[in-house]
Amino acid sequence: MQGTSLAEKEPSHTAPVSLSIRNTTLKFGGVTALDDVTIEVREDELLAIIGPNGAGKTSLLNVTAGFYRPQQGQVEMSGRDITGLRVDQVARMGVARTFQGTHLFAGQTVVENILVGRHMRMKSNIFQAFVHFGWMAREEDMHREVVEEIIDFLEIEPIRNRAVGTLGYGLRKRVDLGRALAQEPDILLMDEPMAGMNSEEKEDLARFILDVREARNIPVVLVEHDMGVVMDLADRVVVLDFGQVIAEGTPAEIQKNPAVIKAYLGA
Ligand SMILES: Nc1ncnc2c1ncn2[C@@H]1O[C@H](COP(=O)(O)OP(=O)(O)O)[C@@H](O)[C@H]1O
Ligand SMILES: [Mg+2]
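Below or above, wherever it landed, is the structure these notes cover. Since we're looking at a predicted model, the values are computed, not measured.

Here we look at a nonpolar patch on the surface
A contiguous nonpolar patch, built from Phe28, Val31, Phe67, Tyr68 and Val87 and spanning about 420 Å² of accessible area, is present on the exposed surface. Looking at the secondary structure, you find Val31 in strand E2 (residues 31–42).

Following this line, the structure appears as structure tokens:
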């Protein structure tokens, strides 16, 4: 039987490592955002990263995605060293992310924003293609097909031609997920996707995250504040505090870890 429910799904602990962050330190002047952080993400897991504000969660995603180069340590994707590669190079290595807040083009339509995710797979520059030349027919067909699948998958057909700036927050986050999926990534990093959502929007997005895992079979790293969401979705949880990993375990283990309660849950 394909597609066991998530509740029954136990990560094997033997699946190959997808993303490996080793002994990574990132400093901004006197601030140590990441302090000798080591985290492995296996191909079959949804790993949640939690921790108080300023703990280094976004920095960890930024180092992974090539936004910042760590002063120390290595980042490997599928066994290949990606430390210090540019954002577009890391994207080509199969890493996609969604952003805290929204980083979409507000004046562009839903379809156009999702097409941005195809950019790295295009021979022609997407903006030149839009502005100067129109689509090159063959490329268009190929990319359109992927985008149509994503629109269908995320159930955003009715809003496909709306400018993203006119959409509510929940839908914008869904479009951001669509843009990331358009990269056809091997791993998906999500930075507090539920922040600012109402409970219905959270439930919707949670369902899409589970669907992504089932349909794409890729690992997900979910930075998330909502502990209910983490407990529901995560196979494993890593807790950051002041740039250090202070705990790691199943959601149930993390919930009763005294150091975690002190640093985070009790706060
Ligand atoms: N671009 C930056 N310049 C200077 N300091 C930064 C920068 N980005 C993050 N920091 C600092 O690094 C620490 C970790 O921040 P961040 O990774 O954003 O934490 P989190 O996402 O867990 O809230 C904080 O002290 C923050 O102020
Ligand atoms: Mg953050």
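Considering the packing of aromatic side chains
What the rule picks out here adds up to two aromatic pairs. An angle of 80° between the planes, with centres 5.1 Å apart, marks the rings of Phe28 and Tyr68 as edge-to-face. Of the two residues, Phe28 is situated in strand E1 (residues 17–28) and Tyr68 in the loop between helix H1 (57–65) and strand E4 (72–77); the sequence distance between them amounts to 40 residues. Classification of Tyr68 by relative accessible area gives partly exposed; the value is 36%. Ring geometry for Phe67 and Phe99: centres 6.0 Å apart, planes at 85°, overall edge-to-face.

Things to note about the pairing of strand E10 (residues 244–249)
Here strand E9 (residues 236–241) pairs with E10 via five bridges, running antiparallel. Residue pairing for E10: Leu240 is matched across the bridge by Val245. Linkage of E9 to E10, two consecutive antiparallel strands, is achieved through a turn of two residues, within which Phe242 is found at a positive phi near 50°.

A short note on the coordination of the magnesium ion (ligand 2)
Coordination of the magnesium ion (ligand 2) by the protein comes from Thr58 (OG1) and Gln100 (OE1), over a distance range of 2.0 to 2.5 Å. Residue Thr58 is located in helix H1, and its partner Gln100 is located in the loop between strand E6 (95–98) and helix H3 (110–116); the two are separated by 42 residues in the primary sequence.

A few points about the site of ligand 1
In the vicinity of ligand 1, the contacting residues are Phe28, Val31, Ala33, Pro52, Asn53, Gly54, Ala55, Gly56, Lys57, Thr58, Ser59 and Tyr68. Within the backbone of Ala55, one N or O atom sits 3.1 Å away from an oxygen atom of ligand 1. Within the side chain of Thr58, a nitrogen or oxygen atom sits 2.9 Å from an oxygen atom of ligand 1. Contact with the protein chains hides 63% of the accessible area of ligand 1, taken as 550 Å² for the molecule alone. If you list the elements that add at least two residues to the shell around ligand 1, you get E2 and H1. A per-element tally of the shell around ligand 1 places H1 first, with three residues. Among the residues forming the shell around ligand 1, the class breakdown is six nonpolar, five polar and one charged.

Thresholds, definitions, all that
- Residues numbered from 1 in each chain as written.
- Chains lettered and ligands numbered in written order.
- Predicted model: local features only at pLDDT ≥ 70, side-chain atom pairs only at ≥ 80, totals over all residues.
- Heavy atoms only, no water.
- Patch = residues over 30% accessible without salt bridge, like charges linked within 9 Å, V, L, I, M, F, W, Y side chains within 5 Å.
- Areas by Shrake-Rupley, 256 points an atom, 1.4 Å probe, with all protein chains shown as cover.
- Salt bridge = Lys/Arg side-chain N within 4 Å of Asp/Glu carboxyl O.
- Helix = DSSP H or I, 4+ residues; strand = E, 2+ residues; numbered from the N terminus.
- Phe/Tyr/Trp six-rings, centres within 6.5 Å; stacked < 30°, edge-to-face > 60°.
- Buried < 20%, exposed > 50% of the residue type's maximum accessible area, 1.4 Å probe, protein only.
- Pairing = 2+ DSSP bridges.
- Donors = N, O, S within 2.8 Å, 3.2 Å for Na, K, Ca; no water.
- Near = heavy atom within 4 Å.
- Polar contact = N/O pair within 3.5 Å; in protein donor to acceptor, adjacent residues only side chain to side chain.
- Nonpolar A, V, L, I, M, F, W, Y, C, P; charged D, E, K, R; others polar.

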